[in-house]
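Coordinate inspection notes
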Amino acid sequence: MTRIAIYPGSFDPITNGHVDVVERGLKIFDKVIVSILTNKNKKPLFSVDERLDIIRESLKGFDRVEVDAFEGLIIDYAVKKNAAAILRGMRAMSDFENEFQMAMFNRRLNREIQTVFLMTGMRWIFTSSSGIKELASFGGDIHDLVPPFAEQKLKEKFHDVYTTNR
Ligand code: PNS
């Protein structure tokens, strides 16, 4: 039996913290499906296609990983994909309440699919896509926080600030 985990998120863009969760998730699961939630109410920096590209390039070293996008309820998507679990990274305590609530909702909808949390490595404890986007918007150094292709794409988005400020 192939143990599949869905790793859902906005991934706008994928960070080194996310990559760490994928890498460690692969030690538990046979396959990890990294899937972007396409939420029409959110205004992402990168389009779904751009995010798919960035994730694929950033995770190309891993086999047993699928990259995808979904719309709707994660639990329906997990059933469709035959997943045993939803994988999420947990950084500080501040993540807990929201994650706990999502896990409870999902468990209420389907008790067969488990939410599995991995504690983010200490190096990535303060790493968030939104923080990185803010840093990049002011031309800050994002080198150690995101995979190289994500860094390149962020610098393209904020091209003006990186060429004039730095
Ligand atoms: O990276 P994010 O933005 O923290 O990811 C949040 C995500 C995509 C995991 C969450 O919003 C989600 O699962 N959305 C799908 C809708 C859903 O199933 N909601 C029920 C659980 S609250």
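In the block above lies the structure referred to throughout.
For the structure given in this document, a descriptive report is provided here.

Rules used in this analysis
Residues numbered from 1 in each chain as written. Predicted model: local features only at pLDDT ≥ 70, side-chain atom pairs only at ≥ 80, totals over all residues. Heavy atoms only, no water. Helix = DSSP H or I, 4+ residues; strand = E, 2+ residues; numbered from the N terminus. Rg over C-alpha atoms; globule rule 2.2 N^0.38 Å. Buried < 20%, exposed > 50% of the residue type's maximum accessible area, 1.4 Å probe, protein only. Contact = heavy atoms within 4.5 Å. Areas by Shrake-Rupley, 256 points an atom, 1.4 Å probe, with all protein chains shown as cover. Near = heavy atom within 4 Å. Polar contact = N/O pair within 3.5 Å; in protein donor to acceptor, adjacent residues only side chain to side chain. Core = buried A, V, L, I, M, F, W, Y, C linked by side-chain atoms within 4.5 Å.

**Description of the overall build of the protein**
Along its length, the protein carries seven helices and five strands. When its helices and strands are written in sequence order, the protein yields β-α-β-α-β-α-β-α-β-α-α-α. Relative to the 2.2 N^0.38 estimate, which gives 15 Å for 166 residues, the radius of gyration of the protein is 16 Å and therefore close to what a compact globule would have. Along the first, second and third principal axes, the C-alpha set of the protein runs to 55 × 30 × 30 Å. Looking at the protein residue by residue over its 166 residues, the buried ones come to 42%. Look at the contacts in the protein between residues 6 or more apart in sequence, and 76% of them connect residues 24 or more apart. For the protein, the exposed area adds up to about 9700 Å²; of that, 52% sits on carbon and sulfur atoms.

**Quick word on the site of the ligand**
Within the structure, the ligand sits among P8, G9, S10, L37, K42, G72, L73, I74, R88, M102, F105 and N106. Between the ligand and I74, the relevant distance is 2.8 Å, taken from an oxygen atom to a main-chain nitrogen or oxygen of the residue. Protein chains shield 74% of the accessible area of the ligand, which is 550 Å² for the free molecule. Element by element, the count of residues in the shell around the ligand is highest for helix 4 (residues 96-109), at three residues.

**Topic: the nonpolar core**
One finds Y7, V34, I55 and L154 to be the most contacted residues of the largest nonpolar core, which totals 30 residues. Every element with two or more residues in this core is listed here: strand 1 (4-9), helix 1 (16-25), strand 2 (31-37), helix 2 (48-58), strand 4 (85-90), helix 5 (129-137), helix 6 (148-157) and helix 7 (159-165). With residues up to four places along the chain from it excluded, the contact list for Y7 reads H18, V21, V22, V32, I33, V34, S35, L87, R88 and G89. Grouped together as the second largest cluster of nonpolar side chains are eleven residues, I4, Y77, A78 and I113 included.

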